[in-house]
Amino acid sequence: TGVPNQSGQAALAAPSPDKTAQGLLPKYQFQFNELREMNAQVRLRADSIKTSKLPLKALDLGVDLHDAQLSIDPLQLTLPQGQLSGVVRIDTRQKPAVTALDLRLRDVRLAQFRPAKMAQSPIEGVLESRLQLKGEGNSVQDIFGHANGLFTAVIPMGAVREAFAQFTGVNVARGLGLLVSGSQKQTTIRCAIAAFAVHQGVAQVQQFVLSTDAVQVKGSGNDGRISIEDVKA
């Protein structure tokens, strides 16, 4: 239910598409100033969803808007193979608005990401990740472009196939020693961890760990580059 305050209306116009916008992230300007004109509390649950494009199975969404502060909690989307959950908070009392998000992507099976021309997926395993960011701006591009925070990704167990080299377009797999020589066409991932620190929209590798049947690689990043500290065959 939306409750307008005494100074405004509870209607929000959708942002107009900017056909001249270029880049990976949208430049659409959100009308955050309208959020200062209303209070609202909404809870939406759906056990089954049918969409033409978005891969959603179910959702649980709570929206609370009070005193120019918007909170989306809970935010839980059930995917065909995995779940996205977390909290998003937008403080429009400041100009530009400040957005803080804490999102977790759980139980994402990497085998589902298989190129159509490949009989098997180049990598298998379950991905667990977390994104914690805080940025300011009135568009997705501005928010992420000024964001600070942390991104981590973990694959507790999995496998890399020979097709990984073909998938990346270069022989990355053999370059890192992921595949042993001979007739073996894949190697087991015992554990893979990557942590990125984000500062003003730029992500830098802070920690990288990769343990397989063939090698163990530990590294850290500086200026976006990974340096190998220890390799054990």
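What counts, and at which threshold
- Here the residue index of a chain counts from 1 through its sequence in written order.
- pLDDT decides what is reported in this predicted model: residues at 70 or higher carry local features, side-chain atom pairs at 80 or more are listed and counted, and totals for whole chains, interfaces and linings draw on all residues regardless.
- The basis for every side-chain value is the complete set of heavy atoms in the structure, and neither hydrogens nor water enter the calculation.
- Every helix listed is a DSSP run of H or I at least four residues long, and every strand listed is a run of E at least two residues long, numbered separately from the N terminus.
- Only protein chains enter the accessibility calculation, which uses a 1.4 Å probe. A residue is then buried if its area is under 20% of the maximum for its type, exposed if over 50%, and partly exposed in between.
- Between two residues, a contact is recorded if the distance between any of their heavy atoms is within 4.5 Å.
- Note on areas: Shrake-Rupley with a 1.4 Å probe; residue coverage comes only from the protein chains shown.
- We call Phe, Tyr and Trp rings a pair once their centres come within 6.5 Å, taking the six-membered ring for Trp, and we label the pair stacked below 30 degrees between planes, edge-to-face above 60, and tilted otherwise.
- In this scheme, strands are said to pair when DSSP sees at least two bridges between them.
- As a per-residue measure, pLDDT reflects the predictor's confidence and takes values from 0 up to 100.
- A side-chain nitrogen of Lys or Arg and a carboxyl oxygen of Asp or Glu constitute a salt bridge if their distance falls within 4 Å.

**Section: the overall build of the protein chain**
Step number 1: From N to C terminus, the protein chain includes 3 helices and 13 strands.
Step number 2: Per-residue burial for the protein chain yields a buried fraction of 31% across its 233 residues.
Step number 3: When contacts within the protein chain are restricted to residue pairs at least 6 apart in sequence, those whose partners lie at least 24 apart make up 45%.
Step number 4: Entry remark: accessible area of the protein chain is about 14,400 Å², with carbon and sulfur atoms responsible for 53%.

**Describing the packing of aromatic side chains**
Step number 1: Per the counting criterion, the structure on display carries 2 aromatic pairs.
Step number 2: For the pair Phe151 and Phe196, a centre-to-centre distance of 6.1 Å together with 35° between the ring planes defines the contact as tilted. Of the two residues, Phe151 sits in strand E8 (residues 148-155) while Phe196 sits in strand E10 (residues 186-199), which places them 45 residues apart along the sequence.

**Regarding the environment of Leu210**
Step number 1: The topology assignment puts Leu210 in strand E11 (residues 202-212).
Step number 2: Judged by its relative accessible area of 9%, Leu210 is buried.
Step number 3: Taking the C-alpha atoms as reference points, Leu210 and Val154, separated by 56 residues in sequence, lie 10.0 Å from one another.

**Observations concerning the environment of Asp142**
Step number 1: As for its placement among the helices and strands, Asp142 is situated in helix H1 (residues 140-145).
Step number 2: Separated by 46 residues in the primary sequence, Asp142 and Pro96 place their C-alpha atoms 9.7 Å from one another.
Step number 3: Not counting chain neighbours up to four residues away, the residues in contact with Asp142 comprise Gln29, Glu136 and Gly137.

**Thoughts on the pairing of strand E6 (residues 98-109)**
Step number 1: Bridge analysis of strand E5 (residues 82-91) against E6 gives 9 bridges, and the strand direction is antiparallel. Bridging across to E6, Arg89 finds its partner in Ala100.
Step number 2: Hairpin remark: E5 followed by E6, antiparallel, with 6 residues in the connecting loop.
Step number 3: Where E6 meets strand E7 (residues 123-136), 10 bridges bridge the pair, whose relative direction is antiparallel. Residue pairing across strands places Arg109 opposite Val126, the latter belonging to E7.

**Overview of the confidence of the model for the protein chain**
Step number 1: For the protein chain, mean pLDDT is 80; residues scoring 70 or higher make up 75% of the total.
Step number 2: In the model of the protein chain, strand E1 (residues 2-4) stands out as the element of lowest mean pLDDT, 46, in contrast to E8, which has the highest, 97.
Step number 3: Segment residues 1-15: pLDDT under 50, and 32 contacts once partners within four positions in sequence are set aside and those in other chains are kept.
Step number 4: In the predicted structure, residues 227-231 sits below a pLDDT of 50 and forms 13 contacts with residues beyond four places in sequence or in another chain.

**Re unusual backbone geometry**
Step number 1: Asp73 connects to Pro74 through a cis peptide bond whose omega is 5°.
Step number 2: Unlike most non-glycine residues, Asp107 shows phi in positive territory, near 55°.
Step number 3: Mapped onto the secondary structure, Asp107 falls in strand E6.
Step number 4: Given a relative accessible area of 46%, Asp107 falls into the partly exposed group.

**Notes on the pattern of salt bridges**
Step number 1: Across all of its chains, the model carries 5 salt bridges by this definition.
Step number 2: Among the ionic pairs, Arg45 bridges to Asp60, the shortest N-O distance being 3.9 Å. In this pair, Arg45 sits in strand E2 (residues 38-46) while Asp60 sits in strand E3 (residues 58-66), placing the two residues 15 residues apart along the sequence.
Step number 3: Residue Arg45 is classed as exposed on the basis of its relative accessible area, which comes to 57%.
Step number 4: Of the charged contacts, one joins Arg89 and Asp73 as a salt bridge, the two residues approaching to 3.7 Å between their closest N and O atoms. Of this pair, Arg89 sits in strand E5 while Asp73 sits in strand E4 (residues 69-79); the two residues are 16 residues apart in sequence, bridging distant segments of the chain.
Step number 5: Arg89 sits in the partly exposed class, given a relative accessible area of 43%.
Step number 6: Taken together, the salt bridges that share partners define one network made up of Arg43, Arg45 and Asp60.

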